[in-house]
Amino acid sequence: MAIFWVSLTMNVNTMAIFWTIKAFLPSMIAKDHGHLVTIASIVGTLPAAGLVEYCASKFAAVGLHESITMELKTLNTTGVHTTLVQPTLIDTGMFKGVKFIHAPLTPQLVADRVVHAVQTNQQVICIPGILWILQFLKSILPFSFWIWFGRVTGGNTAMDTYVGRTKKDS
């Protein structure tokens, strides 16, 4: 892991969220109106091999989102809402070549689900929805289960065929 890529990943996936919240949340609170949406990832809750810095940045994004949500609830704001979005792989080219248990999600599907979640004030959405079960199981099963689960689902080797976005794809 080159320091540059770790810093870039943390800046894009975590610090950008932090500074955006810092810029807009005070006026949302003052007006008691607004909606924060954090696009994280399921690997912000369930770790994956081969994605250490990415998982760390998404875990941080989830923690940041949950902390801000807790603060808003403590302040008794009723007009400022939050939604945490935890999708699996989205077909944007960023993870080109990754082999996983299911096909990547389309950006349109994710966008539609996010809009619906905002319109209905859902606090957390997982895409696909079955991921709720995995999040629940994470709280009750030992870590050794997740190592086994990654092995049998291919999650521990999904990045082995990673190519990534190329200049031609951009």
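First, a word on scope: everything that follows refers to the structure included in this document. (Residues numbered from 1 in each chain as written. Predicted model: local features only at pLDDT ≥ 70, side-chain atom pairs only at ≥ 80, totals over all residues. Heavy atoms only, no water.)

**Examining the environment of S67**
Next, step 1: By secondary structure assignment, the location of S67 is in helix 2 (residues 52–74).
Next, step 2: Only 2.9 Å separates the side chain of S67 from the backbone oxygen of G63, close enough to count as a polar contact. (Helix = DSSP H or I, 4+ residues; strand = E, 2+ residues; numbered from the N terminus. Polar contact = N/O pair within 3.5 Å; in protein donor to acceptor, adjacent residues only side chain to side chain.)

**Let's talk about the nonpolar core**
Next, step 1: Membership of the largest hydrophobic core comes to 13 residues, with the highest contact counts inside it found for I21, L25, L36, I68 and L72.
Next, step 2: Contributions of two or more residues to this core are made by helix 1 (3–31), helix 2 and strand 2 (80–87).
Next, step 3: The biggest single contributor to this core is helix 2, with five residues.
Next, step 4: If we skip the residues at most four places from it in the chain, L25 touches L36, I68, L72 and V80.
Next, step 5: With 10 residues, the next largest nonpolar core counts V43, C55, C126 and W146 among its residues. (Core = buried A, V, L, I, M, F, W, Y, C linked by side-chain atoms within 4.5 Å. Buried < 20%, exposed > 50% of the residue type's maximum accessible area, 1.4 Å probe, protein only. Contact = heavy atoms within 4.5 Å.)

**Some words on the environment of P128**
Next, step 1: If you trace the backbone, P128 turns up in the loop between strand 3 (124–127) and helix 4 (131–138).
Next, step 2: Filtering out sequence-adjacent residues up to four positions away, P128 remains in contact with T88 and L105.

**A short note on helix 1**
For an α-helix, the turn length of 3.6 residues means that residues three or four places apart are oriented alike.
Next, step 1: The terminal C-alpha atoms of helix 1, which comprises 29 residues, lie 40 Å apart, in line with the 42 Å expected from a rise of 1.5 Å per residue.
Next, step 2: Its axis deflected by about 40 degrees at N11, helix 1 carries its strongest bend there.
Next, step 3: Every buried residue of helix 1 is accounted for by T9, N13, T14, I17, I21, L25 and M28.
Next, step 4: Phi turns positive, to about 50 degrees, at D32, one or two residues after helix 1. (Expected span 1.5 Å × (residues − 1). Bend = angle between axes of the 7 residues up to and from the residue.)

**With respect to a nonpolar patch on the surface**
Next, step 1: Taken together, the side chains of F4, W5, L8 and V12 define a hydrophobic patch exposed on the protein surface, amounting to about 430 Å² of accessible area.
Next, step 2: With respect to the secondary-structure elements, F4 resides in helix 1.
Next, step 3: On the basis of relative accessible area, F4 is assigned to the exposed category, the value being 52%. (Patch = residues over 30% accessible without salt bridge, like charges linked within 9 Å, V, L, I, M, F, W, Y side chains within 5 Å. Areas by Shrake-Rupley, 256 points an atom, 1.4 Å probe, with all protein chains shown as cover. Salt bridge = Lys/Arg side-chain N within 4 Å of Asp/Glu carboxyl O.)

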